[in-house]
Amino acid sequence: MAERMLKFVSVEKGMPDKREPAARRADFDEIYGEFAREKAAEQAGRCSQCGIPFCQVHCPLSNNIPDWLKLTAEGRLEEAYEVSSATNNFPEICGRICPQDRLCEGNCVIEKGFESVSIGAVEKYITDTAFERGWIRPVKPRRELDQSVGIVGGGPGGLAAAEQLRRRGYQVQVYDRHDRIGGLLIYGIPNFKLEKHIVERRTKLLAESGVTFHCNVEIGRDVSLAELRQRHDAVLIASGVYGARDIKAPGVGLDGIHAALDYLVASNRVGLGDSVPAFADGTLDARGKNVVVIGGGDTAMDCVRTAVRQGAKSVRCLYRRDRANMPGSQREVQHAEEEGVEFVWLSAPEAFLGDRRIRGVRAHRIHLGVADSSGRQTPSAIEGSSFSVDADMAIKALGFDPEDLPVLFGEPALEVTQWGTLKINHRTMMTSLEGVFAAGDVVRGASLVVWAVRDGRDAADSIRTYLQAKASAQSLAAD
Ligand code: FAD
Ligand code: SF4
Ligand code: SF4
């Protein structure tokens, strides 16, 4: 082993080639290229094959990272793919967009002074190669079962569950209110992090595996949840969280102030070739504008970087905490800075200025005080610290909360937590409604793709147990 592994002492951490900021600003293509075969093997060989791999412990899917790194280092890519895909339905997506600095790579224990193994880039390389070589084929269940499952939401949580259930032979139908399947992978996350054809090839594969997709169907409006429960033997709700948090400040209703997801959906639709009137008439286009984005999470980072690519005159990000305390990935901040975004740390909006249209944002400086019960320092405004910045467009990216789910689904008996997320039995993943399960952001609150995949897989296991018990009870009753 030693020959091919443990190379971290002699080989520096390497990533696939990253495009220059000037080139990145000019289009929406992904910013990283692909590893060449030798480079992937070399980088995988930096792993020291830990007895207790902390990378794996901190991967929400408990991916068997050391094994697929070793197989990659040995050039046994098809086996590496088998190991990697055994625990993850979408390794090439997670490899691209997981905040690895907070998960697997952030916990890689390579000795101090040496950088972590490039786990995400190798994971992406393995599965992209598997697609290229035709190793990834539609699921063929060993036998077809009569029982069916209706899934509300075609995001990563719903899709991971769909694939797992289809493997077991269940008839799976996915309902989504959008015209395309993929959830935030399609309409939230921009192309420069995840090109859409990567998501679309997965959706195609699922359709070829026998999963039926019903687009433009909103459960609770076009079809009731009660009706869905009649149609299927079990239901999974994986509908995400879409209630955008707002700002309370004078002038917040001025023209030119937008919710982050409206802005990103429009940009993604334009990239997909759709006609978007609010983009065509300039409302949701940042070209030539001074743009201010408020917030410090992944969504805010995607907005600033989208505005740069649309040709904004200037792009500023106002965040009330400092760099070390922001929720977004540090790697994304670095990319944004390279692309010309100015971060105004420790600042929060006080008022939006303008008569009918926004022309500026008045903000104040923030002092971070003592930590609260969650361990985060409490921000407070510094008196007399007001300052103004020019803005022709402001984007509110303050996070998401669930909508009123019992009302949305027309089911008062559907219990929610104090945060409005769906209440489940964490052992079975069943909601308060018999045979209705839930997974992903609608349970956790706004989270990560990798957690949605994990939940989707866990929910599929629970649904299978439930359906097996239901089938045996029915056959006993029939005897
Ligand atoms: P979603 O992806 O939200 O999918 C839910 C689906 O349900 C949607 O397609 C929706 O149309 C559908 N739906 C909702 N209600 C109904 C209904 N009543 N009837 C029918 N269909 C319905 N995570 C990362 O790991 N890395 C990132 O870089 C990252 N960047 C992000 C950037 C942005 C802008 C945003 C908003 C989020 C980002 N996330 C990122 C978070 C990640 O996208 C989510 O955690 C993940 O998509 C949640 O998956 P889900 O399946 O639970 O829900
Ligand atoms: Fe790391 Fe995410 Fe891949 Fe897990 S799924 S190994 S956290 S990149
Ligand atoms: Fe390899 Fe780092 Fe994981 Fe250890 S923690 S097994 S060195 S990737």
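Residue indices begin from 1 for each chain and proceed along its sequence in written order. Labels follow written order: the first chain is A, the first ligand is 1, and so on. Where totals are concerned, whole chains, interfaces and linings use all residues; where local detail is concerned, this predicted model gives features only for residues with pLDDT of at least 70, and gives and counts side-chain atom pairs only at 80 or more. Only hydrogens and water are set aside; all other atoms, that is, all heavy atoms of the structure, feed into the side-chain values.

In this section: the site of ligand 3. Taken together, Cys47, Ser48, Cys50, Pro53, Cys55, Pro66, Leu69, Cys108, Val109, Ile110, Val117 and Ile119 form the complete shell of residues around ligand 3. Polar here means any residue other than Ala, Val, Leu, Ile, Met, Phe, Trp, Tyr, Cys and Pro, which are nonpolar, and Asp, Glu, Lys and Arg, which are charged; Gly is therefore polar. Per-class residue counts for the shell around ligand 3 are 11 nonpolar, one polar and no charged. Note on definitions. A residue lies near a molecule or strand when any single heavy atom of the residue is within 4 Å of it.

Paired strands, in this sense, are two strands between which DSSP finds at least two bridges. Each helix is a run of DSSP H or I of at least 4 residues and each strand a run of E of at least 2, with the numbering of both proceeding from the N terminus. Spatially, the five strands line up as an open sheet ordered β3-β2-β1-β4-β16, and their pairing is parallel. Both outer strands of the open sheet, β3 (212–214) and β16 (436–438), are each paired with one neighbouring strand and no more. The average undirected angle you get between the axes of adjacent strands in this sheet is 20°. Across four bridges, the pairing between strand β1 (residues 148–152) and strand β4 (residues 234–237) is parallel. Bridging from a neighbouring strand, Val149 pairs with Ala234 of β4. By definition, residues are in contact when any of their heavy atoms lie within 4.5 Å. With axes taken as lines fitted to C-alpha atoms, and helix axes fitted only over the stretch in contact, angles between N-to-C directions fall between 0 and 180 degrees. Across the sheet, helix α18 (residues 449–478) lies against β1, β4 and β16, angled at about 165° from β4, the strand it touches most.

Moving on, we get to the side chain of Ser385. Residue placement: Ser385 occurs in the loop between β12 (377–381) and β13 (387–390). For every residue, the accessible area (1.4 Å probe, protein chains only) is compared with the maximum for its type, and the residue is labelled buried under 20%, exposed over 50%, or partly exposed between those bounds. On the accessibility criterion, Ser385 (13% relative accessible area) is buried. Pairs of N or O atoms are called polar contacts if they sit within 3.5 Å, as long as, within protein, a hydrogen donor faces a hydrogen acceptor (for residues adjacent in sequence, only side-chain-to-side-chain pairs). Among the polar contacts listed, one links the side chain of Ser385 to the backbone nitrogen of Arg365, at a separation of 2.8 Å.

Of the positions making up helix α15 (residues 330–338), those classed as buried are Arg331, Glu332, Val333, His335 and Ala336. Residues of α15 that are buried make contact with α1 (21–25), α6 (91–97), α14 (298–309) and β9 (342–344). Looking at the residues trailing α15, positive phi occurs at Gly340, about 105°.

Residues in close proximity to ligand 1 total 35 residues, the closest being Ile97, Asp176, Lys193, Ile219 and Tyr242. Between a nitrogen atom of ligand 1 and a main-chain N or O atom of Ile97, the distance comes to 2.8 Å. Accessible surface is estimated by sampling points in the Shrake-Rupley manner with a 1.4 Å probe; for residues, cover comes only from the protein chains shown. Surface burial for ligand 1 is 97%, taken as the share of its 1000 Å² of free accessible area covered by protein chains. Of all the secondary structure elements, the ones that give two or more residues to the shell around ligand 1 are α8 (156–167), α14 and α18. With three residues, α14 is the single largest residue contributor to the shell around ligand 1. A class-by-class count of the residues in the shell around ligand 1 yields 16 nonpolar, 12 polar and seven charged. Segment limits for the domains were obtained from an automatic or database-derived domain assignment. Two domains each put at least three residues into the shell around ligand 1: domain 2 (148–241 + 402–478) and domain 3 (250–399).

Segmenting the protein into domains produces domain 1 (7–132), domain 2 (148–241 + 402–478) and domain 3 (250–399). Using only C-alpha atoms to locate each centre, domain 1 and domain 2 end up separated by 29 Å. Taken residue by residue, the interface counts 23 residues in domain 1 and 23 residues in domain 2. Here the buried area means the combined drop in accessible surface, using a 1.4 Å probe, for two parts upon being joined, counting both sides. When the two sides are added together, the surface that domain 1 and domain 2 hide from each other amounts to roughly 2200 Å², 66% of it contributed by carbon and sulfur. Three residues, Pro60, Asn89 and Phe90, lead the burial of domain 1 against domain 2; their summed loss comes to 30% of the area buried on that side. For Arg202, the salt bridge is made with Glu92, and the minimal N-O distance between the two is 2.7 Å. Salt bridge criterion: a side-chain nitrogen from Lys or Arg within 4 Å of a carboxyl oxygen from Asp or Glu.

Further remarks concern the side chain of Arg309. Mapped onto the secondary structure, Arg309 falls in helix α14. There is a polar contact of 3.0 Å between the side chain of Arg309 and the backbone oxygen of Arg305. Filtering out sequence-adjacent residues up to four positions away, Arg309 remains in contact with Arg24, Arg25, Asp27, Phe28, Ile31, Phe192 and Glu339.

Moving on: a nonpolar patch on the surface. A residue counts toward a patch only above 30% relative accessible area and without a salt bridge, and it is joined to like-charged neighbours within 9 Å or, for Val, Leu, Ile, Met, Phe, Trp and Tyr, to nonpolar neighbours within 5 Å. Taken together, the side chains of Ile52, Phe54, Val57 and Val109 present a nonpolar region at the surface, about 380 Å² in accessible area. Considering the arrangement of structural elements, one finds Ile52 in the loop between α2 (37–44) and α3 (54–57).

By the criterion of burial, strand β7 (residues 290–294) is predominantly enclosed, with five of the five residues buried. With burial as the criterion, each face of β7 is covered, one bearing Asn290, Val292 and Ile294 and the other bearing Val291 and Val293. Relative to strand β8 (residues 314–318), β7 is paired through five bridges, and the arrangement is parallel. If you follow Ile294 over to β8, its bridge partner there is Leu318. Across four bridges, the pairing between β7 and strand β14 (residues 393–396) is parallel. Each residue of the ladder has a partner; that of Val293, found in β14, is Ile395.

Here we take up the sheet that holds strand β6 (residues 257–259). Strand order in the open sheet made by the five strands is β6-β14-β7-β8-β9, with parallel pairing throughout. Looking at strand neighbours, the two that pair on one side only are β6 and β9, the edges of this open sheet. For this sheet the average axis-to-axis angle between neighbouring strands, irrespective of direction, equals 25°. When β6 meets β14, the two strands line up parallel, connected through three bridges. Bridge pairing in β14 places Ile257 opposite Ala394. Sitting on the sheet, α14 touches β7, β8, β9 and β14, and the angle it makes with β8 is about 170°.

Right, let's talk about the pattern of salt bridges for a bit. Taken as a whole, this structure holds 35 salt bridges when the rule is applied. Between Asp128 and Arg201 there is a salt bridge, with its nearest N and O atoms 2.7 Å apart. In this pair, Asp128 is assigned in helix α7 (residues 119–132) and Arg201 in helix α10 (residues 196–208), connecting sequence segments 73 residues apart. For Asp128, a relative accessible area of 5% translates into the label buried. Judged by its relative accessible area of 23%, Arg201 is partly exposed. Here Asp455 makes a salt bridge to Arg444, at a shortest N to O gap of 2.8 Å.

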